[in-house]
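Structural description and commentary
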Amino acid sequence: MEKRVTFNERWLPYLLVAPQIVITLVFFFWPSGEAIWQSVLVEDAFGGNSKFVWFENFSHLFSDPNYFASARLTLVFSALVASLGLAASLLLAVMADRVIRGASAYKTILVWPYAVAPAVAGVLWGFLFNPSVGVVAWALSVIGIEFNYVINGNQALLLIVLAAVWNQISYNFLFFLAGLQSIPKSLIEAAAIDGAGPGRRFWDIVFPLLSPTGFFLLVINIIYAFFGTFGIVGSLTQGGPGQSTNILVWKVYNDGFRGQDLGGSSAQSVILMAVVILLTFVQFRFIERRVHY
Amino acid sequence: MTRILLSSVAAAAVLASAPAAWAQTEIQFWHAMPTNLGETVNEIAAGFNKSQSEYKVVPVYKGTYPETLTAAIAAFRAKQAPHIVQVFEVGTANMMAAKGAVYPIYQLMADAKEPFDPKSYIGPVYGYYSTTDGKLLSMPFNSSTPVLYWNKELLAKAGLDPNKGPTTWPELGEMAKKAVAAGAKCGFTPQWQTWTLIENYGAWHNLPFATKANGFGGTDIELKFNDQPRIKLIQMMADWSKDKTFVYGGRQGKSDSLFHGGDCAFQIASSGSAAAAAKALGQDKLGMGMMPYSPDVIAKPQNSIIGGATLWVLQGRPKDEYKGVAKFMTYLSSTPVQAKWHQDTGYVPITMAAADATEKEGFYKKFPGRDIAVKELTLNPPTENSKGLRIGNFVQIRDVVDEELEDVWSGKKDAKTALDEAVKRGNELLKKFDAANK
């Protein structure tokens, strides 16, 4: 016979979820609400000269071709970061899953980059590739490639993609590894007995069973690429050279905190918020259908 | 996102400035001077605290210039403003526009009945931060101006006289080309390119940066720096970059690694870099001189303008505390303090008396070239074009100019297209600033 535990107390459930609700309200809804309010204001940074301007901050953005260029760039950047990051960490996880001797050492080392703050990761990569003193830049020049991210926009973009991917690989790796380890060995062994080679076993068994993890990581990585990467851009390229690494979140930070243009910066964050909500919605609506739980 | 960060900064600010139970009145001084510079700031505050017993200045390091400013703004909005905050020169117009938030220095000194003589300050230092009718708004603190540095070793290698620097741009070009031909990896590199090549080139050649006396006359202004001389200068650099006579090292101070690493023969950089450059290259290998000028634009250079930061006094504190702030400002401008600040840091002194005292001590004989910054600033009485710049949203405008110049260095645009575009984009930002502050 099934035994049910119920609470008769009417307010207890509310009380128990209250901390979570309060945290969500205070740290997510309140700031988001403030951002939306700020985005329809024009004011000096000290808040003394506040004016309600309806959607002027937005129309400024939408009449600026550079803003659209930045949006396009962000899409390219996010697609690169998410796809490269997921592919590389999946490969590493599959490899680490097979290692028998010294497995924990590999795993520990692969998790290390996550402990590095994005801004520090930016400095690190900038130093390696610095055109005048960087070790990697020097090595590349020996084999005839002139790497100068200070002037070359594509190289700068490549560099921030690499730094962002590197910084996020550990996180993806951990989830993929956990996912791999939860796949029943019996399934793989059965396939092996039926004559499926390692490639076939991966694509037909492991990959579909990993899809919930992969889907979760896709959402997280896109959000990371949209929001979490401004530290890397800040310490590496500051959006340059030209505007070749001027991604949206850097523009938000730069206009708001360096330029003290709170209205314009808030309008940009509201747009960014809407884009990410939309993207997440699309992912859940369309991609999740193809995910096997 | 903006708001999350801003509110947490505000919360931190509230915690940091919680009232302490001192018998003395505490004066909060938020600054952006790291490491050695911060130590010197602490020494100055300690000196002031020792000189009297009524007030205690508490210097707090708040990070970079933008971080310090953001922290102060957040604190002000939370009604917990520090008394004094250090703001970089490009923030001047935005600070001025913040009505009700700042307490102008001239008014502070008058209200506190502190003696104050505008004439004792160095012209372009004082002028940059004063109203059109000469009233000082914020107290000049750390000011620098671009000077020319050269690597004597690389010049000697190229068969040039290492003790004689170029005085004009064509001369610099010729010498830099020779240095590259003799094996140098780079002829010339600028630091803070917008500040050195566009803003200071303008003042040095008496050319306007913007209308209405570079913005001193109002906020409805337009940028003017896409003129023939500057297009020519930038195009010349672009041409030089083909054979490494010019090498771009990055924004802000990032070109330092090129010059300090011994790659470049010449650098135009802040006078505040002198100590670091001497340390990297060796004092005897570092040459210093005035910035070059273009003889086809002007017969003799005008004067340079400053960069750096000033101290702004914020409103919102009990009235009697501002007496202590005024006393601290007087102490700060006194000759011994200024002379020490100048000699320890390489920033220019804000008063002529401090420069003279430093001269008398024999400091410039020991460290040749450290007097060049003051010489450049005081070369001629400042004109409308060389008094300073009062540009709204200047931080973003500098970013715009940086971006457009980088498009020239990478070969995407020619100098004229880039400067025209920079002016156009900058004017949009100025319009926005003007609209917000009407």
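Here the residue numbering is sequential within each chain, running from 1 through the sequence in written order. Numbering of ligands from 1 and lettering of chains from A proceed in the order in which they are written. For this predicted model, a pLDDT threshold of at least 70 governs which residues receive local features, and a threshold of 80 or more governs which side-chain atom pairs are given and counted, while totals over whole chains, interfaces and linings are taken from all residues. Excluded from the side-chain calculations are hydrogens and water; all other atoms, namely the structure's heavy atoms, are used.

**Things to note about the layout of surface pockets**
Selection criterion: Space inside and on the surface of the protein is sampled on a 1 Å grid over the protein atoms alone, with a cavity defined as a set of points where a 1.4 Å probe fits but cannot get out and a pocket as an open set with protein on both sides within 12 Å along at least 5 of 7 lines; lining residues have an atom within 4 Å of a point. Grid points are joined across faces, edges and corners, and a volume is the space filled by probe spheres set on the points. Strands are runs of DSSP state E lasting at least 2 residues, helices are runs of H or I lasting at least 4, and numbering of each runs from the N terminus. Residue polarity is assigned by list, with Asp, Glu, Lys and Arg as charged and Ala, Val, Leu, Ile, Met, Phe, Trp, Tyr, Cys and Pro as nonpolar; anything else, Gly included, falls into the polar class.
Taken as a whole, the second largest pocket holds about 1100 Å³ of empty space. Lining the second largest pocket are 45 residues, with A:Pro131, A:Ser132, A:Asn148, A:Val150 and B:Tyr248 sitting closest to its centre. Secondary structure elements with two or more residues in the lining of the second largest pocket: α5 (118–129), α6 (135–142) and α10 (230–236) of chain A together with α12 (256–260) and α19 (394–409) of chain B. It is α5(A) that provides the largest number of residues to the lining of the second largest pocket, a total of four residues. Of the residues assigned to the lining of the second largest pocket, the class counts are 19 nonpolar, 18 polar and eight charged.

**With respect to the packing of aromatic side chains**
To describe a pair of aromatic rings, one takes the distance between the centres and the angle between the planes. Inclusion rule: We call Phe, Tyr and Trp rings a pair once their centres come within 6.5 Å, taking the six-membered ring for Trp, and we label the pair stacked below 30 degrees between planes, edge-to-face above 60, and tilted otherwise. Buried means the residue's accessible area, taken with a 1.4 Å probe over protein chains only, is under 20% of the maximum for its type, while exposed means over 50%, and partly exposed covers the values in between. Only Lys NZ and Arg CZ are tested; either one counts as a charge over a ring when it is within 6 Å of the ring centre and within 35 degrees of the ring normal.
Applying the stated criterion across every chain yields a total of 43 aromatic pairs over all chains. Aromatic side chains A:Phe215 and A:Phe284 sit 5.1 Å apart centroid to centroid with 85° between the ring planes, which places their arrangement in the edge-to-face category. Here the residue A:Phe215 occupies a position in helix α9 (residues 198–228), and A:Phe284 occupies one in helix α12 (residues 262–287), the gap between them amounting to 69 residues. Accessibility expressed as a relative area gives 6% for A:Phe215, which makes it buried. Overall, A:Phe284 belongs to the partly exposed group, its relative accessible area being 40%. Taken together, a centroid distance of 6.0 Å and an interplanar angle of 75° make the contact between B:Phe363 and B:Tyr364 edge-to-face. With respect to class, B:Phe363 is no different from B:Tyr364; both count as buried. Through pairs of rings, three or more aromatic residues link up here, namely B:Phe29, B:Phe48, B:Phe141, B:Phe328, B:Tyr331, B:Trp341 and B:Tyr347. The side chain of B:Lys62 reaches across the aromatic face of B:Trp30, ending 4.2 Å from its centre.

**A word on the domain arrangement of chain B**
One widely used convention gives an interface's size as the accessible area the parts lose upon coming together. Residue and element names in this part refer to chain B. To be explicit about the condition: Source of the domain bounds: an automatic or database domain assignment. Throughout, the accessible surface (probe 1.4 Å) given up by two parts as they are put together, summed over both, is called the buried area. Just to be clear on terms, a salt bridge is a Lys or Arg side-chain nitrogen sitting within 4 Å of an Asp or Glu carboxyl oxygen. Any pair of N or O atoms that falls within 3.5 Å is considered a polar contact. Within protein, one atom must be able to donate a hydrogen and the other to accept it, and sequence-neighbouring residues count only if both atoms are side-chain atoms.
What the domain assignment reports for chain B is domain 1 (2–144 + 306–377) and domain 2 (146–304 + 393–436). Relative to domain 2, the C-alpha centre of domain 1 lies at a distance of 28 Å. Summed over both sides, the interface of domain 1 with domain 2 buries roughly 1900 Å², with 58% coming from carbon and sulfur. At the junction of domain 1 with domain 2, the criterion picks out one salt bridge. Across the salt bridge formed by Arg398 and Glu89, the nearest N and O atoms sit 3.0 Å from each other. Applying the counting rule to domain 1 against domain 2 returns six residue pairs in polar contact (both at pLDDT 80 or more). Of all the secondary-structure elements, those providing two or more residues to the side of domain 1 that touches domain 2 are α4 (92–97), α6 (123–128) and α18 (372–377). It is α18 that contributes the most residues to the side of domain 1 that touches domain 2, five residues altogether.

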